[in-house]
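Spelled out from the first residue to the last, the chains are:
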Amino acid sequence: MPLHSKRDIRDSLLDDVYASTDLAGGLPKYRFPEGEHDPRHVYSLVHDELMLDGNSRQNMATFCSTWLEPEVHALMNECIDKNMVDKDEYPQTAELEARCVHMLADLWNAPHAADTVGCSTTGSSEAAMLGGMALLRRWRARRREAGRPADRPNLVTGPVQVCWHKFARYWDVELREIPMQGERLIMTAEEAVRRCDENTIGVVPTLGVTFTGQFEPVKALSDALDRLQGESGLDIPIHVDGASGAFLAPFCEPDLPWDFRLARVKSINASGHKFGLSPLGVGWILWREQEDLPEELVFRVNYLGGDMPCFALNFSRPGGQIVAQYYNFLRLGREGYAKIHRACYDTAQFLAAGIAEMGPFDILYGGESGGIPCVSWRLKPGANPGFSLFDFADRLRTRGWLVPAYTLPPEREDLAIQRILVRHGTSRDLAALLLADMRRALALLDGHPPSEPLTEAEAGGFRHA
Ligand SMILES: *Cc1c(COP(=O)(O)O)cnc(C)c1O
């Protein structure tokens, strides 16, 4: 090789990343590139582009893990090549998943933990689909057995997360979602039972309602459904959407009966990547007993080697999240989870007290027991402070905080609220910094009120439903 070409190569090897032709010139954004590019250059380009995303730790809207121990990062890296579906190739990963299911059966007080069936999913949404499908199948089988029509199924819920709207639409099930009414922002047992009939495949209470964070009353619902059965013979199962609560109540409110201690609770879903403290991409669903999961929903495949039962909407998916879940269970135990979650509840209450003190806000839920570690509030009814919660949220964004404002679902769309989720990694100190920024934002809004007139909803709902 002639000397001058060697020098060319060496020159380009020593190029500063940002002086390289790739980065100094720019790469295509919407057209498939013809040739290859240097990995260091492309890494810097992608890395820098991600800088424009919000800072997840300041995202007070999300329920999902935004801080993880270094050991979890290490395990995730080690598991980058593990496919959860391939249980023959990665039997130990499959074994860890099975152990997690047993541990959860124990945590959720399954009467015969060893008979409990369940699996990991990509999150609570997939788990909800599987839970809903099992309810639908079981109801159909009962109706057919009784020689009754099985073409108009319905599902009764409180104000639910969007996954249940999806389930209802994808599987053609009528969703009987109890609307909010006045100050009642969650399901009550009476309202749920009123909507039940012979076509009800199940009732879904939520442990940690998305909008306000409150737990719905599973025990009262179960009792009311027992009475309904006594009076009418209708035997309606409960599936608990414990996306958040199923990883909170067992540690922080162990005496609250919401789980398999109630015979009517047939299945439970939870998000491992929320208060299960695992990285994004893991959920769980468990059925009380084998017979609660219709056998025809389980597929057996042999082309990966072995005879593998499989109940999931997808096929290949990463195993690291499940391994990290197992790590967390061993690492933290009941004590560790309780300590972390309690610190979050304390910080939520600290935030609620600080926000209440500011003047314009009414706390709807302040992170006490009976819900998840979050704070939700509204503008004081009747008082118009000259700004909306949406303006307030906008101001907070200038310091990087994402504190969402939104209107409530049907029958209380007139009411705008704001909410902060307190998660692992939201320290007392960070919360104090957020409060200081909230006070600063209020002072600024006071001096410079937004010019647009407020709609009723934005002004916090003067019209009372
Ligand atoms: C987050 C959430 C879901 C959806 O869970 P993913 O894990 O995000 O799929 C469902 N229900 C409730 C109550 C939730 O909070």
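Remember, it's a predicted structure, so these values are computed and weren't measured experimentally. (Residues numbered from 1 in each chain as written. Predicted model: local features only at pLDDT ≥ 70, side-chain atom pairs only at ≥ 80, totals over all residues. Heavy atoms only, no water.)

Asks: Is there a simple way to think about the environment of phenylalanine 311 in this case?
Replies: With respect to the helices, strands and loops of the structure, phenylalanine 311 is situated in the loop between strand 9 (308–310) and helix 11 (320–357). Between the alpha carbons of phenylalanine 311 and leucine 293 there is a distance of 9.9 Å; along the sequence they are 18 residues apart. Setting aside its immediate chain neighbours within four residues, phenylalanine 311 contacts Cys119, Leu130, Met133, Trp287, Leu293, Leu297 and Val298. (Helix = DSSP H or I, 4+ residues; strand = E, 2+ residues; numbered from the N terminus. Contact = heavy atoms within 4.5 Å.)

Asks: Honestly, the nonpolar core in this entry has me stumped. Any pointers?
Replies: Note that soluble globular proteins tend to have their nonpolar side chains buried in a common cluster. Trp108, Val203, Leu225 and Trp258 are the most contacted members of the largest nonpolar core, which totals 58 residues. Breaking this core down by element, the ones donating at least two residues are helix 5 (91–107), helix 8 (189–194), helix 9 (218–232), strand 5 (238–241), helix 10 (249–252), strand 6 (265–271), strand 7 (283–287) and helix 11. Top element by residues in this core is helix 11. It accounts for nine residues. Domain assignment of the residues forming this core places at least three in each of domain 2 (73–329) and domain 3 (342–459). Ignoring anything within four residues of it in the chain, the contact list for tryptophan 258 reads Trp108, Leu207, Val218, Val240, Ala246, Ala249, Pro250, Val265 and Ile268. (Core = buried A, V, L, I, M, F, W, Y, C linked by side-chain atoms within 4.5 Å. Buried < 20%, exposed > 50% of the residue type's maximum accessible area, 1.4 Å probe, protein only. Domains from an automatic or database assignment.)

Asks: Just checking my understanding: could you explain the site of the ligand for this structure?
Replies: The environment of the ligand is made up of 13 residues, and the closest members are Ser124, Ser125, Asp241, His273 and Lys274. At a separation of 2.8 Å, an oxygen atom of the ligand approaches a polar side-chain atom of serine 271. Starting from 380 Å² of accessible surface for the ligand in isolation, the protein chains cover 88%. Looking at side-chain class alone, the shell around the ligand contains two nonpolar, nine polar and two charged residues. (Near = heavy atom within 4 Å. Polar contact = N/O pair within 3.5 Å; in protein donor to acceptor, adjacent residues only side chain to side chain. Areas by Shrake-Rupley, 256 points an atom, 1.4 Å probe, with all protein chains shown as cover. Nonpolar A, V, L, I, M, F, W, Y, C, P; charged D, E, K, R; others polar.)

Asks: Quick question: what am I supposed to make of the domain arrangement of the chain here?
Replies: Note on interface size: it is often stated as the accessible area lost on association of the parts. As far as domains go, the chain holds domain 1 (6–53), domain 2 (73–329) and domain 3 (342–459). The centre of domain 1, based on its C-alpha atoms, is set 46 Å off from the matching centre of domain 2.

Asks: Honestly, the pattern of salt bridges in this entry has me stumped. Any pointers?
Replies: A side chain of one charge can pair with a side chain of the opposite charge when the charged atoms of the two come close. The full count for this structure, using the stated rule, is 19 salt bridges. A salt bridge links arginine 99 to glutamate 95, with the nearest nitrogen and oxygen atoms 2.8 Å apart. With arginine 99 and glutamate 95 both in helix 5 and four residues apart, this pair spans about one turn of that helix. With a closest N to O distance of 3.0 Å, aspartate 414 and arginine 412 form a salt bridge. Judged by its relative accessible area of 1%, arginine 412 is buried. Among the charged side chains, a network of salt bridges with common partners joins Arg143, Arg148 and Glu198. (Salt bridge = Lys/Arg side-chain N within 4 Å of Asp/Glu carboxyl O.)

Asks: Could you clarify how one ought to interpret the packing of aromatic side chains in this entry?
Replies: Geometry of an aromatic ring pair is reported as the spacing of the ring centres plus the angle between the planes. Counting across every chain of the model gives twelve aromatic pairs. With centroids separated by 6.1 Å and ring planes inclined at 75 degrees, the aromatic side chains of tryptophan 164 and phenylalanine 167 adopt a geometry described as edge-to-face. Within this pair, tryptophan 164 and its partner phenylalanine 167 are both found in helix 7 (residues 162–170), separated by three residues, close to a single helical turn. In this structure, tryptophan 164 and phenylalanine 167 share a single accessibility class: buried. Ring-pair connections join several aromatic residues into one group, and the members of that group are Trp108, Phe247, Phe251, Trp258, Phe329 and Tyr337. The ring of phenylalanine 63 is capped by lysine 274, whose NZ or CZ atom sits 4.7 Å from the centre of that ring. Here the basic side chain of arginine 428 rests over the ring of phenylalanine 350, its NZ or CZ set 4.6 Å away from the ring centre. (Phe/Tyr/Trp six-rings, centres within 6.5 Å; stacked < 30°, edge-to-face > 60°. Lys NZ or Arg CZ within 6 Å of the ring centre and 35° of its normal.)

Asks: Can you help me understand the packing of helix 12 (residues 389–397) against helix 13 (residues 428–447) in this one?
Replies: If you want to describe how two helices pack, look at the angle between their axes and the distance between the axes. Look at helix 12 against helix 13: their axes get within 9 Å of each other, and the N-to-C directions meet at 120 degrees. Taken as axis vectors, helix 12 and helix 13 run oblique relative to one another. For helix 12 against helix 13, the interelement crossing comes out right-handed. Along the contact surface, helix 12 presents Asp391, Phe392, Arg395 and Leu396, while helix 13 presents Asp437, Met438, Ala441, Leu442, Leu444 and Leu445. When the residues that make up the contact of helix 12 with helix 13 are grouped by side-chain class, the tally is seven nonpolar, no polar and three charged. (Axes fitted to C-alpha atoms, helices over the stretch in contact; angles between N-to-C directions. Parallel < 35°, antiparallel > 145°, perpendicular 65-115°, else oblique. Left-handed = near helix turned anticlockwise from the far one by under 90°.)

Asks: What is the right way to read the layout of surface pockets from this model?
Replies: Empty space among the atoms becomes apparent when a probe as large as a water molecule is rolled across them. By volume, the second largest pocket amounts to about 270 Å³. Leu23, Leu27, Pro28, Lys29, Arg31, Pro33, His37, Val42, Leu45, Val46, Asp48 and Glu49 are the residues that line the second largest pocket. Tallying contributions element by element places helix 3 (residues 39–50) first for the lining of the second largest pocket, with five residues. Residues belonging to the lining of the second largest pocket are distributed by class as follows: seven nonpolar, one polar and four charged. (1 Å grid on protein atoms, 1.4 Å probe; cavity = no way out; pocket = protein on both sides within 12 Å on 5 of 7 lines; lining within 4 Å. Points joined across faces, edges and corners; volume = space filled by probe spheres on them.)

Asks: Just checking my understanding: could you explain helix 6 (residues 124–145) for this structure?
Replies: Owing to its 3.6 residues per turn, the α-helix aligns residues three or four sequence positions apart on the same side. Helix length check: helix 6, at 22 residues, gives a terminal C-alpha distance of 31 Å against a target of 32 Å (1.5 Å per residue), a fit within 8%. Directly after helix 6, the chain includes glycine 147, whose backbone phi takes a positive value near 70 degrees. (Expected span 1.5 Å × (residues − 1).)

Asks: Sorry, what's going on with the sheet that holds strand 13 (residues 416–421) here?
Replies: Each strand in a sheet pairs with another by means of backbone hydrogen bonds, the pair being arranged parallel or else antiparallel. Read from one edge to the other, the open sheet built from four strands follows the order 10-11-13-12, with strand pairing classed as antiparallel. Only two strands of the sheet have a single neighbouring strand rather than two, namely strand 10 (361–365) and strand 12 (405–407). Pairs of neighbouring strands in the sheet enclose a mean axial angle of 35 degrees, with direction left out of account. Note that strand 12 and strand 13 share three bridges and pair antiparallel. Following the sheet pairing, tyrosine 406 is matched in strand 13 by isoleucine 417. Relative to the sheet, helix 12 contacts strand 10, strand 11 (374–379), strand 12 and strand 13, its axis offset from that of strand 13 by approximately 35 degrees. (Pairing = 2+ DSSP bridges.)

Asks: Please clarify how the pairing of strand 4 (residues 200–204) should be interpreted in this entry.
Replies: Every other side chain in a regular strand lies on the same face of the sheet, so the side chains alternate between the two faces. Burial of strand 4 is extensive: five of the five residues sit out of reach of the surface. Bridge count for strand 2 (residues 154–157) against strand 4 is four bridges, and the pairing is parallel. Paired with leucine 155 across the bridge in strand 4 is glycine 202.

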